[in-house]
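Residues per chain are reported as follows:
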Amino acid sequence: MAQIRIRNTNKRIEAEVQVQEFLNKQEILYEHWDSDKLSEELKEKYVLSDEEKQQILATYDSEIKDLAVRRGYKIWDVITLSEVTPNLEELLQKFEAVHTHSEDEIRAITAGKGIFIIKGTDDTGYFDVELEAGDVISVPESKPHFFTLMDNRQIVAVRLFIETEGWVASPYNDPDFVKDNA
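Given the structure is predicted, the values throughout are model-derived calculations rather than measurements.

Calculation criteria
- Per-chain numbering applies: the sequence of each chain, read as written, is numbered from 1 onward.
- With pLDDT at 70 or above as the cut-off, local features in this predicted model cover only qualifying residues; side-chain atom pairs require 80 or more to be listed or tallied, and sums for whole chains, interfaces and linings still use all residues.
- The side-chain quantities take in all heavy atoms of the structure and omit both hydrogens and water.
- One requirement defines pairing of two strands: DSSP has to find at least two bridges between them.
- What counts as a helix is a DSSP run of H or I of at least four residues, what counts as a strand is a run of E of at least two, and both are numbered from the N terminus.
- The working definition used for a salt bridge is a side-chain nitrogen of Lys or Arg within 4 Å of a carboxyl oxygen of Asp or Glu.
- In this scheme, a residue with accessible area under 20% of its type's maximum is buried, one over 50% is exposed, and one in between is partly exposed, where area comes from a 1.4 Å probe on protein chains only.
- Every axis corresponds to a line fitted to the C-alpha atoms, with the helix fit spanning only the stretch in contact, and the corresponding angles, defined between N-to-C directions, vary from 0 to 180 degrees.
- Should an angle fall under 35 degrees it is taken as roughly parallel, and over 145 as roughly antiparallel, whereas 65 to 115 is taken as roughly perpendicular and any remaining angle as oblique.
- In what follows, a contact means two residues having at least one pair of non-hydrogen atoms within 4.5 Å.
- Under the convention adopted here, Pro, Cys and the residues Ala, Val, Leu, Ile, Met, Phe, Trp and Tyr are nonpolar, Asp, Glu, Lys and Arg are charged, and Gly plus all remaining residues are polar.
- Between N or O atoms, a polar contact is any pair within 3.5 Å; within protein, one atom must be a potential hydrogen donor and the other a potential acceptor, and residues adjacent in sequence are included only when both atoms are from side chains.
- UniProt positions are given in the numbering used here, feature names are shortened, and annotations may be inferred rather than shown by experiment.

Caption draft 1: Structural detail: the pairing of strand β1 (residues 3-6). Bridge count for β1 against strand β7 (residues 126-132) is 4 bridges, and the pairing is antiparallel. Residue pairing for β7: isoleucine 6 is matched across the bridge by phenylalanine 127. The pairing of β1 with strand β2 (residues 12-13) spans 2 bridges and is classified as antiparallel. Across the sheet, the residue bridging to isoleucine 4 is isoleucine 13, located in β2. In this antiparallel pair of consecutive strands, β1 and β2, the connection spans 5 residues, and asparagine 10 shows a positive phi of 65 degrees.

Caption draft 2: Structural context of the pattern of salt bridges. The final tally for this structure, using the stated rule, is 17 salt bridges. A salt bridge links glutamate 63 to lysine 37; the nearest nitrogen and oxygen atoms lie 2.8 Å apart. Of this pair, glutamate 63 sits in helix α4 (residues 61-71) while lysine 37 sits in the loop between β3 (29-32) and α2 (40-43); the two residues are 26 residues apart in sequence, bridging distant segments of the chain. Looking at glutamate 63, the relative accessible area reads 16%, which means it is buried. Overall, the relative accessible area of 36% leaves lysine 37 in the partly exposed class. A salt bridge links arginine 153 to glutamate 83; the shortest N-O distance between them is 2.4 Å. Within this pair, whereas arginine 153 is found in the loop between β9 (145-149) and β10 (155-161), its partner glutamate 83 is found in the loop between β4 (75-81) and α5 (88-95), the two being separated by 70 residues in sequence.

Caption draft 3: The packing of helix α3 (residues 50-59) against α4, seen in detail. Where α3 meets α4, the axes come as close as 4 Å, and the angle between the chain directions of the two elements is 70 degrees. On the basis of the axis angle, α3 is roughly perpendicular to α4. Within the contact between the two elements, α3 uses Leu57, Ala58 and Thr59 and α4 uses Asp61, Glu63 and Ile64. Across the contact of α3 with α4, the residue classes tally to 3 nonpolar, 1 polar and 2 charged.

Caption draft 4: Summary view of the environment of aspartate 77. By secondary structure assignment, the location of aspartate 77 is in strand β4. C-alpha separation for the pair aspartate 77 and alanine 133, spaced 56 residues apart in sequence, amounts to 16 Å. Once you skip the residues sitting within four places of it in the chain, aspartate 77 turns out to touch Leu57, Ala157, Val158, Arg159 and Phe161. One polar contact links aspartate 77 to arginine 159, side chain to side chain, over a distance of 2.7 Å.

Caption draft 5: Representation of the UniProt feature "binding site: Fe(2+)" (unreviewed entry) in the chain in the model. If you check UniProt for "binding site: Fe(2+)" (unreviewed entry), the listed places come out as His99, His101, Glu105 and His145 in our numbering. Of the residues just listed, which span 47 residues, no C-alpha pair is farther apart than 10.9 Å, and they cluster in one region. With respect to the helices and strands, the residue histidine 101 is situated in the loop between β5 (99-100) and β6 (105-119). Mapped onto the fold, glutamate 105 is located in strand β6. A polar atom in the side chain of glutamate 105 sits 2.5 Å from the side chain of histidine 101.

Here you go:
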């Protein structure tokens, strides 16, 4: 279950109903998929063959297609990040810069943990959404945000896209943003 930390107050939101209400107010889609559907051997595996990635997509086929129909997604894939990912630090530098997209950025976490840092309304400021297996989040287009790994530095996620180019970011320069606000 996702948890939220509002950066300027350090307030935490942990109860499912309050997490959902908070994200709705920020115009962020949040859903939950049944993480128990995934086979045991894939639940904590962070180096995946193409066949294993296809197995994850097949496991969540109905959920993916439901989202695709509701929100216009055309393509999807599986991304995995861990200490053994080639060029992990370069990838994280790209992900960890505040940016926007011309479409929603949606991730369905199937294993591991990660954090989206999102610019909320003026009265909220930036907040962290800590995600784990089963959490599905969609950050709206043009909403400043970035993604990073949690301490375990392992994640597997389904990504869905409207644009066939996949992940394309536009830098967002925000002088008020403080990266390490813990």
